[in-house]
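# Architecture and fold: a report
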Amino acid sequence: MFQFASLETPGYVGFANLPNQVHRKSVKKGFEFTLMVVGESGLGKSTLVNSLFLTDLYPERVVPDAIEKANQTVKLDASTVEIEERGVKLRLTVVDTPGFGDAIDNTDCFRAIIQYIDDQFERFLRDESGLNRRNIVDNRIHCCFYFISPFGHGLKPLDIQFMKQLHNKVNIVPVIAKADVLTKKEMLRLKKRVMEEIEKNEIKIYPLPDCDSDEDEDYKEQVRQLKEAVPFAVCGANAMLEVRGRKVRGRLYPWGVVEVENPEHCDFIKLRTMLITHMQDLQEVTQEVHYENYRSERLAKGAPMPKKAPSLDGAIIPAEKDRILQEKEAELKRMQEMLAKMQAQMLQQQP
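Per-chain numbering applies: the sequence of each chain, read as written, is numbered from 1 onward. A pLDDT threshold of at least 70 governs which residues receive local features in this predicted model, and a stricter bar of 80 or more applies before side-chain atom pairs are shown or counted, although totals over entire chains, interfaces and linings include all residues. The side-chain values count all of the structure's non-hydrogen atoms but skip hydrogen atoms and water molecules.

## Here's the deal with the overall build of the chain
Condition: Put simply, DSSP marks the helices as runs of H or I at least four residues long and the strands as runs of E at least two long, and each gets a number from the N terminus on. Burial classification: accessible surface area is computed with a 1.4 Å probe over protein chains only, and a residue below 20% of its type maximum counts as buried, one above 50% as exposed, and the rest as partly exposed. Only heavy atoms matter for contacts: two residues are in contact if any of them lie within 4.5 Å across the pair. All accessible areas in this document rest on Shrake-Rupley with a 1.4 Å probe, and a residue is counted as covered only by the protein chains that are shown.
Across its full length, the chain carries 10 helices and 9 strands. Out of the 351 residues belonging to the chain, those deemed buried represent 38%. Restricting to contacts in the chain with at least 6 residues of sequence separation, those with at least 24 account for 69%. For the chain, the accessible area works out to roughly 21900 Å², and carbon and sulfur atoms hold 53% of it.

## Quick notes on the sheet that holds strand S9 (residues 256-259)
What counts here: Two strands are said to pair when DSSP picks up at least two bridges between them. Axes here refer to lines fitted to C-alpha atoms; in helices the fit is confined to the stretch in contact. Angles between the N-to-C directions go from 0 to 180 degrees.
Taken in spatial order, the 3 strands make up an open sheet running S7-S8-S9, and their pairing is antiparallel. Of all the strands in the sheet, the pair left with one neighbour each is strand S7 (240-243) and S9. Between one strand axis and the next, the sheet turns through 70° on average, direction left out of account. Of the strand pairs in this sheet, S7 and strand S8 (residues 246-253) are connected by 4 bridges, and their pairing is antiparallel.

## A short note on empty space enclosed by the protein
Stated precisely, the cut-off is as follows: Using a grid of 1 Å spacing that covers the protein atoms alone, one calls a set of points a cavity when a 1.4 Å probe fits there but cannot get out, and a pocket when the set is open and has protein on both sides within 12 Å along at least five of seven lines; lining residues are those with an atom within 4 Å of a point. Grid points are joined across faces, edges and corners, and a volume is the space filled by probe spheres set on the points.
Summed over all chains, the structure comprises 1 cavity of 30 Å³ or more. Estimates place the volume of the largest cavity at around 40 Å³. Around the largest cavity, the lining residues are Gly 39, Glu 40, Leu 43, Phe 100, Tyr 146, Phe 147, Ser 149, Lys 156 and Asp 159.

## Notes on the packing of aromatic side chains
In plain terms, the rule: Note on aromatic contacts: the rings of Phe and Tyr and the six-membered ring of Trp form a pair at centre separations within 6.5 Å, being stacked when their planes are under 30 degrees apart, edge-to-face when over 60 apart, and tilted otherwise. Criterion for a charge above a ring: Lys NZ or Arg CZ within 6 Å of the ring centre, and within 35 degrees of the ring normal.
Per the stated rule, a full pass over the model turns up 4 aromatic pairs. On the numbers, 4.9 Å between centres and 20° between planes, the contact of Tyr 146 with Phe 162 is stacked. You can see Tyr 146 sitting in strand S4 (residues 143-148) and its partner Phe 162 sitting in helix H5 (residues 157-166), a full 16 residues away along the chain. Each member of the pair, Tyr 146 together with Phe 162, is buried. In this structure, Arg 140 is placed above the aromatic ring of Phe 124, and the distance from its NZ or CZ to the ring centre is 3.7 Å. For the cation-ring pair, Arg 140 lies above Tyr 291, with the distance from its terminal atom to the ring centre recorded as 4.8 Å.

## Let's talk about the UniProt feature "site: Important for dimerization" (unreviewed entry) in the chain
Let me state the cut-off plainly: UniProt positions are given in the numbering used here, feature names are shortened, and annotations may be inferred rather than shown by experiment.
This chain's UniProt record puts "site: Important for dimerization" (unreviewed entry) on Phe 151. Examined against the element boundaries, Phe 151 turns out to sit in the loop between S4 and H5. Ignoring anything within four residues of it in the chain, the contact list for Phe 151 reads Lys 178 and Val 181.

## Topic: the side chain of Thr 286
Just so we agree on the cut-off: Side-chain atoms alone can form a polar contact between residues adjacent in sequence; in general such a contact is a pair of N or O atoms within 3.5 Å, and within protein one must be able to donate a hydrogen while the other accepts it.
For Thr 286, the location among the structural elements is in helix H9 (residues 279-300). Reaching out from Thr 286, the side chain makes a polar contact with the backbone oxygen of Leu 282 at a distance of 2.8 Å. Residues in contact with Thr 286, not counting those within four places in the same chain, are Phe 121, Arg 140, Ile 141, His 142, Asn 171 and Tyr 291.

Below, the structure written as structure tokens:
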């Protein structure tokens, strides 16, 4: 409900309504968010993403067989979907990394991922430095879910190497996949081991922001529980099952049903709460920390801006666009010179 300052209201200006203006403008414009999911095949990455956003991002995906997996290299698939909920629009892009960790030799399997993240930073830097800055599409990676296998005794060497290579480029959120294969005691032990190895190897994961002193107690308790839940132990499912007369999203086993949205069964709700509640903060950390680090390093090198940059789908932006931009810049410069010449003539004609 908007309030307007009345002439009869002493000491009231009306700028308290500024948050309402920001809210209306943001809702009208919509939101953009890019999520990257990384992990070995078979850990349920696609199922979890579909469960999180109640959509099907991969309707035509073909799962390769064992021989194809052994020979394939890491490639990146970007899927974008427009989601609307109660009038709020979200343009969600999910970047999947099929082939990661599936080869016999995984020495350089993360190189393509690092290159992709840098390419998106480079693309944003080019757009930001161009003439038309009004309609910049932000394809930078705002969050990376890194899936950890539940079948080991902690982090693998590849897990440690990958996170150390990327923790200064992207917000990493560690996720233990297929939590329904472990007992509660086994899960707590694995969580503790993973966090110990993350601290030991000085890996920087996404830090949930601390609460301000004026926040309400419920929010403080929620943030405390989310911090304790890291790494999030999750399982995903898209099937709806009937349990004791109610519909639930879960997996059916001979011994019972694992309910995805039951906090007693896994951390799915906590992971979704973390992502939705701190989506704005993930974008701000990407902008103010990771992108600024890349931008300052890029400009410090003094290297010229490249004429071509990879687009989101892997295609190359044609040099034709660069030519058009150069022509526009030349035309603008010519018009400025003509204007300066006309002003000089007018000054000469004055008595």
